[in-house]
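A structural walkthrough
Each chain, written out:
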Amino acid sequence: MAEANDFQPDGETLQMLRDMANRLRIHSIKATSTCGSGYPMSCCSAAEIMAVLFFHTMRYKQTDPEHPDNDRFVLSKGHAAPVLYAIWAEVGDICECDLLSLRKLHCNLEGHPTPRLSFVDVAAGSLGQGLGAACGMAYTGRYFDKASYRVFCLMGDGESAEGSVWEALAFASHFNLDNLVAVFDVNRLGQSGTAPLEHRTDIYQNRCEAFGWNTYIVDGHDVQALCQAFWQATQVKNRPTAVIAKTFKGRGIPNIEDAESCHGKPMPKERAEAIIKLIESQIQTNRNLTPKLPIEDSPQINISDIKMTSLPAYKVGEKVATRKAYGMALAKLGHECDRVIALDGDTKNSTFSDIFKKDHPDRFIECFIAEQNMVSVALGCASRDRTIVFVSAFAAFLSRAFDQIRTGAISQTSINLVGSHCGVSVGEDGPSQMALEDLAMFRSIPSCTIFYPSDAVSTEHAVYLAASTKGVCFIRISRPETAVIYTPQEKFEIGQAKIVRSSIDDKITVLGAGITLHEALAAADDLSQQGISIRVIDPFTIKPLDAATIISSARATGGWIITVEDHYKEGGIGEAVCAAISREPDILVHQLAVTGVPQSGKASELLDMFGISAKHIIEAVKYILMKQK
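Quantities reported herein were computed from a predicted structural model and do not represent experimental measurements.

1. Description of the UniProt feature "domain: Transketolase-like pyrimidine-binding" (unreviewed entry) in the protein
Look at the UniProt record and you will see "domain: Transketolase-like pyrimidine-binding" (unreviewed entry) annotated at residues 320-484. The span residues 320-484 is 41% helical and 21% strand by assignment, and the distance between its end C-alpha atoms comes to 7 Å.

2. With respect to the sheet that holds strand E16 (residues 534-538)
One open sheet holds the five strands; their spatial order is E14-E16-E15-E18-E19, and the pairing between them is mixed. Looking at strand neighbours, the two that pair on one side only are strand E14 (498-501) and strand E19 (588-594), the edges of this open sheet. Each strand of the sheet is rotated relative to its neighbour by a mean of 25°, with strand direction disregarded. One ladder, built from three bridges, connects E14 with E16; its direction is antiparallel.

3. Re the pattern of salt bridges
If you walk through the whole model with that rule in mind, you get 26 salt bridges. As a salt-bridge pair, Arg142 and Asp178 come within 3.3 Å of each other at their nearest N and O atoms. In this pair, Arg142 is assigned in helix H5 (residues 130-144) and Asp178 in the loop between helix H6 (163-174) and strand E3 (180-186), connecting sequence segments 36 residues apart. Where Glu460 meets Lys332, a salt bridge forms, and the shortest distance between an N and an O atom there is 2.5 Å. One end of the pair, Glu460, is in helix H17 (residues 456-467); the other, Lys332, is in helix H10 (residues 322-336), with 128 residues separating them in the sequence. A residue is classified by how much of its surface remains accessible, and Glu460, at 3% relative accessible area, is buried. Relative accessible area serves as the criterion here: at 17%, Lys332 is assigned to the buried category.

4. Regarding the packing of aromatic side chains
Taken as a whole and assessed by the stated rule, the structure comprises 20 aromatic pairs. Between Tyr139 and Tyr143, the ring centres sit 4.5 Å apart and the planes meet at 40°, which makes this aromatic pair tilted. With Tyr139 and Tyr143 both in helix H5 and four residues apart, the pair spans about one turn of that helix. We classify Tyr139 as buried; its relative accessible area is 5%. Among the aromatic residues, those joined into a cluster by ring pairs are Phe54, Tyr60, Phe73, Tyr85, Trp88 and Phe119. Between the NZ or CZ atom of Arg72 and the centre of the ring of Tyr149, over which it lies, the distance is 3.7 Å.

5. Things to note about the side chain of Thr201
Relative to the helices and strands, Thr201 is located in helix H7 (residues 201-210). Classification of Thr201 by relative accessible area gives buried; the value is 11%. Every residue in contact with Thr201, bar those within four places of it in the chain, is listed here: Val186, Ile217, Ile244 and Lys246.

6. Some details on unusual backbone geometry
With omega at 0°, the peptide bond leading from Lys543 into Pro544 counts as cis. Along the polypeptide, Pro544 turns up in the loop between strand E17 (541-543) and helix H19 (547-556). Unusually for a residue other than glycine, Phe352 sits at a positive phi of about 65°. Within the secondary structure, Phe352 is located in the loop between helix H11 (348-351) and helix H12 (354-359). Of note in this structure, Arg384 is not a glycine but carries a positive phi near 60°. Positionally, Arg384 belongs in the loop between helix H13 (371-382) and strand E9 (388-394).

Definitions and limits used
- Residues numbered from 1 in each chain as written.
- Predicted model: local features only at pLDDT ≥ 70, side-chain atom pairs only at ≥ 80, totals over all residues.
- Heavy atoms only, no water.
- UniProt positions renumbered as here; feature names shortened; annotations may be inferred.
- Helix = DSSP H or I, 4+ residues; strand = E, 2+ residues; numbered from the N terminus.
- Pairing = 2+ DSSP bridges.
- Axes fitted to C-alpha atoms, helices over the stretch in contact; angles between N-to-C directions.
- Salt bridge = Lys/Arg side-chain N within 4 Å of Asp/Glu carboxyl O.
- Buried < 20%, exposed > 50% of the residue type's maximum accessible area, 1.4 Å probe, protein only.
- Phe/Tyr/Trp six-rings, centres within 6.5 Å; stacked < 30°, edge-to-face > 60°.
- Lys NZ or Arg CZ within 6 Å of the ring centre and 35° of its normal.
- Contact = heavy atoms within 4.5 Å.

Spelled out as structure tokens, the structure:
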């Protein structure tokens, strides 16, 4: 609860906050001047906001920035990183001398904040994403942890042009996140010119109120006004609060304050020294305020060591779509771990995450048709290891959230993204719904694990493995029903392929995944009747790829591999295999993949039309064998 003096702090406290703001300016100017790069002007506009938040409003343990009960802070305007680093230098978590190593190799004080630092939960820098992550933290605090911690997000006015900001505003209002405060640092200036609304704080207020937010306009350099606004926010129930702070870029710097064309320009050393002396002359106190301690009421969480406690309940030959198997596996996992949560973008009846919702309604978040915000919310929910997050959507629509996904990788966050309706096997819905670029996209994400299960049993294993895997995971699931090919006793491991069919007489290795594995098995049956044996491999994970199994199989089958995939050739399975065998001079790869933009039609017709059906696999096998004669 807010304390009585939060609304009207005494004169001494107010002066100490003003002085702290000026010390933050000095740190920011020194650091950027020393390294010769950075954004001191953006730091200066936010100095009073940061001082009030960290030394008056927020509750946290100075010596334990990652404590689960601490209030959260997200610096969405990540280019103002030096002012955040300055805060923690004043708090005592980092050494002041480290500020002078800003942006240098081997220093964790990077140009934009990342979770290499204990006081950073999510990476910042790609603008427009911070509020969505803050929404995830606030949702977790209110609905999962049911705890007292609050979440604060500092945003730039320029980034409010990003649509993802308004997705987040709608989300927070819809879910009554009264533990969330967004601060708009309206300093009028962007990178290359003025922001579209300049200092029209009334328009920001009207827009936020239209989205259902409780909103205050304040002078962002008036510490008393800021203290009052943040206190008032604690009294508002069932609505998030926006604080629209009118500020000036470069505040306190003569001839620079509110001037255009100064973004990202540090002060030359000789000028910086004079400015620092000027600001120092305005400081009247030399004593720091002590942040209030948090209320320790969040539950203790352990989300490690997630294991399957009962075998999959499927029979070989049974036909089940992997998307349905995903929904069933997720619901099962939810019964075994009460910190598993699911997010969906209004596709739950297609991704079958509605099975999870039926069993665990309190742990299902409907994010509606706002995939960018959905991924940002997931990053926030996963921060500080509070939840195991699964996000599902049509895989094609995850492409619009690629920037948020790469932010997840930079943040070293563990989230699981599940993409359904992959490839031309989607059928009649047509190319806009067909994910044909998703493997290429996720293969480019550092430390991303890509699962591509081919039946219900392997799908269930993929879900459980993803739940206990660090980093970003992607599970690619398909629309059509396909036969179960593995027994419930089959074991699966990341990076371990399955040789589904083999004999000593195999002539060629064929590798397929998902729908095309079944086409490869159908081709193998047909070829067998013609006296031709082929080896069929299910990679299970595309990244990491089991190169050893693929290479050994290729050597045992005449040095040829045929890859067949329901994906574009660029960046897909075929190219992954080519990379894996690149140092093997005696192995050749023949790629079958979708070429050109597809169209509507039956799944079987489209697989055949784009050359990835059993018929085309048979033709490729015979062509290669003919070349070998």
